[in-house]
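Here is what each chain is made of, one letter per residue.
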Amino acid sequence: MINLKDYIARDRIAFVEARDKQDALAKLISLSDDPRHVADFDQFQNAVLDREYIVTTGIGQNVAIPHIKSRWVKDFFITVGVFRNGVEWQSLDEKPVHLAFLIAGPEEHENYLRILAKLTLIIRDKEKRKAIIGAQTADQVFKLLEDS
């Protein structure tokens, strides 16, 4: 069974102000700069931005899930951004994003789809989603995700 707490760290959970999607992605990418997980930060950054350019990761319900599998990523991780004021993300439902999960993993990671599925289940729970967006601290967000 997949447990998200294995992939999320409190120092990769942030309450972020962003002007637009590019600014939001830049801040999420910056939070992900950790040599334990990312082998080449510049290549990682390019991969995330290239993926977003192909098609928006704003899935609706005020959530975006930018995600990549890349040889520049050593170990699977999730970075969480809470955007209280919302960010225009060209989402499928045209609503602003208040919660983004940047998911990254190595190309050969076998649990990639399971982790995405688990995260999607959490996001679909309206009360859980609202609680995460309304959380006041990274510890509160971590606890909400840890209990899932």
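Not measured: the values here are computed from a predicted model. (Residues numbered from 1 in each chain as written. Predicted model: local features only at pLDDT ≥ 70, side-chain atom pairs only at ≥ 80, totals over all residues. Heavy atoms only, no water.)

**Topic: the packing of aromatic side chains**
A complete count under the given rule lists five aromatic pairs for this structure. Here the aromatic rings of Phe 41 and Phe 44 are separated by 6.2 Å at their centres, their planes lie at 45 degrees, and the arrangement is tilted. With Phe 41 and Phe 44 both in helix H2 (residues 41-54) and three residues apart, this pair spans about one turn of that helix. Phe 41 gets classed as partly exposed once you look at its relative accessible area, which sits at 21%. Of the residues examined, Phe 44 reaches a relative accessible area of 0% and is grouped as buried. (Phe/Tyr/Trp six-rings, centres within 6.5 Å; stacked < 30°, edge-to-face > 60°. Helix = DSSP H or I, 4+ residues; strand = E, 2+ residues; numbered from the N terminus. Buried < 20%, exposed > 50% of the residue type's maximum accessible area, 1.4 Å probe, protein only.)

**Topic: the pairing of strand E5 (residues 77-87)**
Most of E5 is tucked away: nine of the eleven residues are buried. Pairing of strand E1 (residues 8-15) with E5 involves four bridges; the strand directions are parallel. Bridged to Ala 14 within E5 is Gly 81. As defined by bridge partners, E5 adjoins strand E6 (residues 97-105) across seven bridges and the pair is classed as antiparallel. Considered in E6, the bridge of Val 80 is made with Phe 101. (Pairing = 2+ DSSP bridges.)

**Some details on the side chain of His 67**
If you trace the backbone, His 67 turns up in strand E4 (residues 67-69). The exposure class assigned to His 67 is buried, which follows from its relative accessible area of 18%. A polar contact of 3.2 Å, which involves the side chain of His 67, links it to the side chain of Arg 51. Only 2.7 Å separates the side chain of His 67 from the backbone oxygen of Ile 65, close enough to count as a polar contact. Aside from chain neighbours lying at most four places away, what touches His 67 is Arg 51, Thr 57, Ile 103, Tyr 112 and Leu 116. (Polar contact = N/O pair within 3.5 Å; in protein donor to acceptor, adjacent residues only side chain to side chain. Contact = heavy atoms within 4.5 Å.)

**Some remarks on the nonpolar core**
Of all hydrophobic cores here, the largest spans 25 residues; its most connected members are Ile 8, Ile 78, Val 80, Phe 101, Ile 103, Val 141 and Leu 145. Counting residues per element, the ones that place at least two in this core are E1, E5, E6, helix H3 (112-124) and helix H5 (138-146). The greatest single-element share of this core, amounting to six residues, is contributed by H3. What Ile 103 contacts, discounting residues up to four positions off in sequence, is Ile 65, Pro 66, His 67, Ile 68, Phe 76, Phe 77, Ile 78, Tyr 112, Leu 116 and Leu 119. Counting residues in hydrophobic clusters, the runner-up holds 21 residues, among them Ala 14, Val 73, Val 87 and Trp 89. (Core = buried A, V, L, I, M, F, W, Y, C linked by side-chain atoms within 4.5 Å.)

**Things to note about the pattern of salt bridges**
One pass over the structure, following the stated rule, counts five salt bridges. Asp 34 is the partner of Arg 36 in a salt bridge, and the nearest nitrogen-oxygen pair spans 2.5 Å. One continuous salt-bridge network, built from bridges that share partners, spans Arg 19, Asp 23 and Lys 27. (Salt bridge = Lys/Arg side-chain N within 4 Å of Asp/Glu carboxyl O.)

**Focus on H2**
Residues lying three or four places apart along an α-helix face the same way, a consequence of the helix completing one turn every 3.6 residues. Along its 14 residues, H2 runs 20 Å from first to last C-alpha, staying within 8% of the 20 Å computed at 1.5 Å per residue. Those residues of H2 that fall on the buried side of the exposure criterion are Phe 44, Val 48 and Glu 52. Take H2 and look down its axis: the buried residues cluster within an arc of 70 degrees, on one side only. For H2, the exposed residues set more than 90 degrees away from the buried face come down to Asp 42, Asp 50, Tyr 53 and Ile 54. If you follow the buried residues of H2, they end up packed against helix H1 (21-31), E4, E5 and E6. The N-cap residue of H2 is Asp 40: its side-chain oxygen and the backbone nitrogen of Asp 42 are 3.2 Å apart. (Expected span 1.5 Å × (residues − 1). Arc of directions from axis to C-beta.)

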